[in-house]
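In case you want the letters, here they are:
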Amino acid sequence: MRAGIKNIVKSGRLLLLADLINALIILLLAYAAASKLWDYYGFAQVLDQSPLLKPYANVLAWALPALELAIVVLLLLPITRLRGLYVSASLLIAFALYLSYMVLFAPHLPCGCGGVLKSLSWRQHIFFNLFFVGLAFAAIYIYRRYKTTVSESPP
Amino acid sequence: MKNYFLGLAAIIIAIGAAAYTSPEVKVKPQSYTFYFTGNPLLDTDVADESKWSITPTENECEEEDNKACQIVVDDNQTFVDVNDGNKRKLLSTLGIIAVAGADGSGNGYVPKMPHTGISSSKGRP
């Protein structure tokens, strides 16, 4: 009984940690989307220079910030939060793969990331993204564990 | 409400930070003249940003707006292509629209954009 209560309290603290991670990912995605929309032409210019994305620059210039904002909504609502974390982790992994491609094939080009993230080098950006992928998976683990703990505890 | 507090706070901070760190809008952006290199009888050519070049063509442009010839765009609607000798090009996201020339005969197209960027255009007679 005592161990069970302790477990839930511990999970409650972990839950706060997961909520903080969730808020941090919302901050990152909302900032990235707002920066791209604020400097739409600047973002479009960078996409136009990318050998990989140039054919899709027209669509990506608005679709990417739109996708980021959609994920922000998923992360904001408690009912879709877990799905939002999976999608944001997938998007960050996709970004990391793209960044790796750029490091290998076009390291001299500027980054299309918005705001202050532009000041990061390609390599720094890969580590930055992977750090957030790690955080997303940590939050997924905590939310899933919390769900299990609550469903296993007696009413 | 407690469930939304952290997320909403993050969104407000993000928008504020993006507004603070976004580049300032230039009061008077530099403008560039681009010259049409395609076939002015084809609307697809006129609407194609890659058919406009910063290098002047041999054709002389006249005031009559019958066929695509040259356009003036702002700096932020162009980019420097590092893969093509640092040549300045039109953004492929500009969305140029080809409209029938001024004589209305349907024998030529001139560029028009929904954005405010093209400050002037001159056509071929």
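**Overview of the pattern of salt bridges**
Residue and element names in this part refer to chain A.
Piece 1. In total, this model carries 3 salt bridges over all chains according to the counting rule given.
Piece 2. A salt bridge links Arg81 to Asp19; its shortest N-O distance comes to 3.6 Å. Highlighted residues: Arg81 in helix α4 (residues 81–105) and Asp19 in helix α1 (residues 2–38), separated in sequence by 62 residues. Summarising the burial analysis for this pair, Arg81 and Asp19 share the class buried.
Piece 3. Ionic pairing is found between Glu68 and Lys36, a salt bridge with its closest N-O pair at 2.7 Å. In this pair, Glu68 is assigned in helix α3 (residues 57–76) and Lys36 in helix α1, connecting sequence segments 32 residues apart. The same class applies to Glu68 and to Lys36, which are both buried.

**As for the confidence of the model for chain A**
Piece 1. When pLDDT is averaged along chain A, the result is 83, and 80% of the positions lie at 70 or above.
Piece 2. The least confident element of chain A is helix α2 (residues 40–49) of chain A, whose mean pLDDT is 79; the most confident is α3(A), at 92.

**Thoughts on α3(A)**
Residues and elements named next belong to chain A.
Piece 1. With 20 residues, α3 extends 29 Å between its outermost C-alpha atoms, agreeing within 8% with the 28 Å of an ideal straight helix rising 1.5 Å per residue.
Piece 2. Of all the bends in α3, the largest measures some 30° and sits at Ala63, one to four residues before the proline Pro65.
Piece 3. Where α3 is concerned, the buried positions are Ala57, Leu60, Ala61, Leu64, Pro65, Glu68, Ile71, Val72, Leu75 and Leu76.

How each quantity is defined
- Just so you know, the residues in each chain are numbered from 1, in the order the chain's sequence is written.
- Here every chain gets a letter starting at A, and every ligand a number starting at 1, in the order they are written.
- Given that this is a predicted model, residues contribute local features only at a pLDDT of at least 70 and side-chain atom pairs are listed and counted only at 80 or more, while totals for whole chains, interfaces and linings are drawn from all residues.
- Values reported for side chains reflect all heavy atoms of the structure, with hydrogen atoms and water molecules removed beforehand.
- In the sections that follow, a salt bridge refers to a side-chain nitrogen of Lys or Arg positioned within 4 Å of a carboxyl oxygen of Asp or Glu.
- In this description a helix means any DSSP run of H or I spanning at least four residues, a strand means any run of E spanning at least two, and both kinds are numbered starting from the N terminus.
- Relative accessibility under 20% of the residue-type maximum defines a buried residue, over 50% an exposed one, and the middle range a partly exposed one, all with a 1.4 Å probe and only protein chains included.
- What pLDDT expresses is the predictor's confidence in each residue, scored from 0 to 100.
- The span expected for a helix works out to 1.5 Å for each residue beyond the first.
- Bend is the name given here to the angle between axes fitted to two runs of seven residues, the run ending at a residue and the run starting at it.

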